[in-house]
Amino acid sequence: MILGLDTELSEKDVNPIGDKQIFFDGNCLNIVSKQSVLLTLPNLWLRDNCLCDECRNVETEEKSFILSTVSCDLTPSMVDLTEDMLSIGWPDGHQSDYVLADILELSKERHAPTMSWGKGFQPEYVNWSSFLADDATALIALTAFLQTGVMIIDGAPSQSNSLELLASRLGPIREVLFDRIHNVCLETRVYNVAHTALALPPHNDFASYSFPPSAQALHMLENGAEKGSSIILDAWAVAEKIRRQRPDFFTTLCDFAVPFRQFDEDNETYAVEPIIKCDSGGNIISVRFSNQLMQTIDPMRTGVNDFYQAYHCLCCHMTDSDNHVKFRLEGGHILLVAAHRVLHAREAFVPSGKRHLQDAYFELDNIANKVITLNKYKAALYD
Ligand SMILES: [Fe+2]
Ligand SMILES: [Zn+2]
């Protein structure tokens, strides 16, 4: 059935088409099914998302139509709705077709949602050789990694710079200043407390970058030291706890920007950013915490006292062993963390034997890309 809007559809009118009805409300087209609104489609959304070859680059599937070529009060001149197809005619004669099922699919998340850690949580282990050689193993491990933010690879080589080999699974190394692959041992140049035998409180690395690396691999080449257990902490769970218990503290930690600095004789990285960041839906997307890199805040800045009350609460949660997951990284273990969520820490160690760790950074977007491509290969195999 084709409806000419000037005669048959006006605002708030309801028109039955099959088992569905459409009506216009303001500058949106609504599709009603079984007495509830199935879809609300703004006119500009409809025009912007035309799938025709004129509005898309056929080769790349990218959008080529741009909204500035139509007026902001654009209204369809014709609507046709069959069971699953919506067709719109525009005043300039252009026609757009949409599959309703495809529009409904848009509400689905692109990636599996993140999962919180249950009681007694410990990271999953995956074998180095299987992870690199077997796509199915890598897919299972990386899918779980995106959900929990942590995994451990065991059986890794003890050679220096073996982290380079993970690029086939994790994407390219995200280089930062100081080193491409960082050595954490007593025998290196000291520009960070990590290069001593002292305890390290939970932190993410390079809080001093405006966008710190979003994934970090910590490769224990050799661990002959006594003590020095590794610790991880789900900083998003901590931030959620604060949001529940003290929403005012949570807001302060989202709003108050804190300076962080990491430097040596040749370099300085410096960023002024809030500790907690949320997306536009209020979901936590990043917790930045590094007691060692945090700089002195100008005490005369507005809100410093409120910030310190909230920061005290945060520090108590960060150092509370109830929030810590502890294990020992042996030689050949690689701890991989989603670094904007999972903080790492270490207990003090006794350097009775050599302890040598190497760090390299990756980007979570590239790991998510790997999960998508591995899923595509898997789907193609079973086609
Ligand atoms: Fe670190
Ligand atoms: Zn088009």
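Rules and cut-offs
Residue indices follow the written sequence of each chain, beginning from 1 at its first position. Chains and ligands are labelled sequentially in the order written, the chains with letters from A and the ligands with numbers from 1. Under the rules for a predicted model, residues below a pLDDT of 70 receive no local features and side-chain atom pairs below 80 are neither given nor counted, while totals for whole chains, interfaces and linings still include all residues. Each helix is a run of DSSP H or I of at least 4 residues and each strand a run of E of at least 2, with the numbering of both proceeding from the N terminus. As a reference, a globule follows 2.2 Å times the number of residues to the power 0.38, and the radius of gyration itself is taken over C-alpha atoms. Burial in this document is a count-based property: other C-beta atoms within 10 Å of a residue's C-beta are tallied, and the residue is buried at 20 or more, exposed at 12 or fewer, or partly exposed in between, with C-beta positions derived from the backbone. By the convention adopted here, residues make contact when the C-beta atoms placed from their backbones lie within 7 Å. Regarding the arc, it is the one traced by the directions from the helix axis to the C-beta atoms. Where each domain starts and ends follows an automatic or database-derived domain assignment. Two strands are counted as paired when DSSP detects at least two bridges linking them. Structural elements are reduced to axes, namely lines fitted to C-alpha atoms, with helices fitted over the stretch in contact, and the angle between N-to-C directions of any two is expressed from 0 to 180 degrees. An angle below 35 degrees is read as roughly parallel, one above 145 as roughly antiparallel, one from 65 to 115 as roughly perpendicular, and any other as oblique. Following the grouping adopted for this structure description, the nonpolar residues are Ala, Val, Leu, Ile, Met, Phe, Trp, Tyr, Cys and Pro, the charged ones are Asp, Glu, Lys and Arg, and the polar ones are all others, Gly among them. Residue-level confidence of the predictor is summarised by pLDDT, bounded by 0 at the bottom and 100 at the top.

Focus: the overall build of the chain
1) Next: Scanning the chain from N- to C-terminus turns up ten helices and 24 strands.
2) Next: The C-alpha atoms of the chain give 27 Å as radius of gyration, which overshoots the globular expectation for 383 residues (21 Å, by more than 25%).
3) Next: Relative to its 383 residues, the chain shows a buried fraction of 29%.
4) Next: By sequence separation, contacts in the chain at least 24 residues apart represent 71% of the contacts at least 6 residues apart.

Quick look at helix H8 (residues 247–255)
1) Next: Listed in full, the buried residues belonging to H8 are Phe249, Phe250, Thr252 and Leu253. Within H8, the buried residues cover an arc of 160 degrees as seen down the axis, which keeps them to one side. The outward face of H8, more than 90 degrees from its buried face, is lined by the exposed residues Pro247 and Asp248.
2) Next: Its buried side turned inward, H8 meets helix H7 (235–245), strand S17 (268–274), strand S18 (276–278) and helix H9 (304–319).

Digging into the domain arrangement of the chain
1) Next: Here the chain is partitioned into domain 1 (11–105) and domain 2 (125–374).
2) Next: Each of domain 1 and domain 2 was reduced to a C-alpha centroid, and the two centroids are 45 Å apart.

A short note on the sheet that holds strand S11 (residues 182–184)
1) Next: Strand order across the open sheet formed by six strands is S9-S10-S21-S13-S24-S11, with mixed pairing between neighbours. In this open sheet, the two strands that pair with only one neighbour each are strand S9 (125–127) and S11. On average, each strand axis in the sheet is tilted by 25 degrees relative to the strand beside it, whichever way the strands run.
2) Next: With three bridges connecting them, S9 and strand S10 (residues 150–154) associate as parallel partners. Pairing of Tyr125 across the sheet is with Ile152, part of S10.
3) Next: Its contacts with the sheet put helix H5 (residues 135–148) on S9, S10 and strand S21 (333–338), and the angle it makes with S10 is roughly 145 degrees.

Things to note about unusual backbone geometry
Across residues other than glycine, the phi torsion is negative in most instances, and most of the peptide bonds are trans.
1) Next: The backbone phi angle of Gln35 is positive, close to 65 degrees, even though this residue is not glycine.
2) Next: Among the secondary structure elements, Gln35 is positioned in the loop between strand S4 (28–33) and strand S5 (36–42).
3) Next: Although it is not a glycine, Asn161 adopts a positive phi angle of roughly 65 degrees.
4) Next: In this structure Asn161 comes out as partly exposed when scored by C-beta crowding, with 14 C-beta atoms within 10 Å.

Comments concerning the pairing of strand S8 (residues 95–99)
1) Next: Of the strand pairs in this sheet, strand S7 (residues 85–89) and S8 are connected by five bridges, and their pairing is antiparallel. Looking at S8, one finds that Leu86 is bridged to Tyr98.
2) Next: Hairpin connection between S7 and S8: a loop of five residues separates the two successive antiparallel strands, and Gly93 in this loop has a positive phi of roughly 95 degrees.

Examining the pairing of S17
1) Next: Sheet topology places strand S16 (residues 257–263) next to S17; seven bridges connect them, and they run antiparallel. In the sheet register, Ala257 faces S17, and the bridge partner there is Pro274.

Structural notes on the packing of H8 against H9
1) Next: Across the interface, H8 lies against H9 with an axial gap of 9 Å and an inter-helix angle of 105 degrees. Classified by the angle their axes make, H8 and H9 are roughly perpendicular. Between H8 and H9, the residues in contact are Phe249, Thr252 and Leu253 and Asp306, Phe307, Gln309, Ala310, Cys313 and Leu314, respectively.
2) Next: By residue class, the composition of the contact of H8 with H9 is six nonpolar, two polar and one charged.

Some details on the environment of Asp80
1) Next: Along the chain, Asp80 falls in strand S6 (residues 78–81).
2) Next: Separated by 58 residues in the primary sequence, Asp80 and Ile22 place their C-alpha atoms 9.8 Å from one another.

A look at the sheet that holds strand S20 (residues 324–327)
The strands making up a sheet associate through hydrogen bonds between their backbones, and the pairing can be parallel or antiparallel.
1) Next: One open sheet holds the four strands; their spatial order is S12-S22-S15-S20, and the pairing between them is antiparallel. Single-partner strands in this sheet number two, and they are strand S12 (200–203) and S20. Going across the sheet, the axis of each strand differs from the next one's by a mean of 20 degrees, ignoring polarity.
2) Next: Bridge count for strand S15 (residues 230–234) against S20 is four bridges, and the pairing is antiparallel. Across the sheet, the residue bridging to Ile232 is Val325, located in S20.

Let's talk about the confidence of the model for the chain
1) Next: Averaged over every residue, the pLDDT of the chain is 93; the share at 70 or more is 94%.
2) Next: Residue range residues 4–12 is modelled with pLDDT below 50. Its contacts to residues more than four positions away, or to other chains, number 15 contacts.

A look at the environment of Arg47
1) Next: Turning to its location among the elements, Arg47 is positioned in helix H2 (residues 43–48).
2) Next: Of the residues examined, Arg47 has 20 C-beta atoms within 10 Å and is grouped as buried.
3) Next: In this structure the C-alpha to C-alpha distance between Arg47 and His94, which are 47 residues apart in sequence, comes to 9.5 Å.
4) Next: In this view, Arg47 contacts Val70, Leu74, Trp90 and Ser96; residues no more than four positions away in its chain are not counted.

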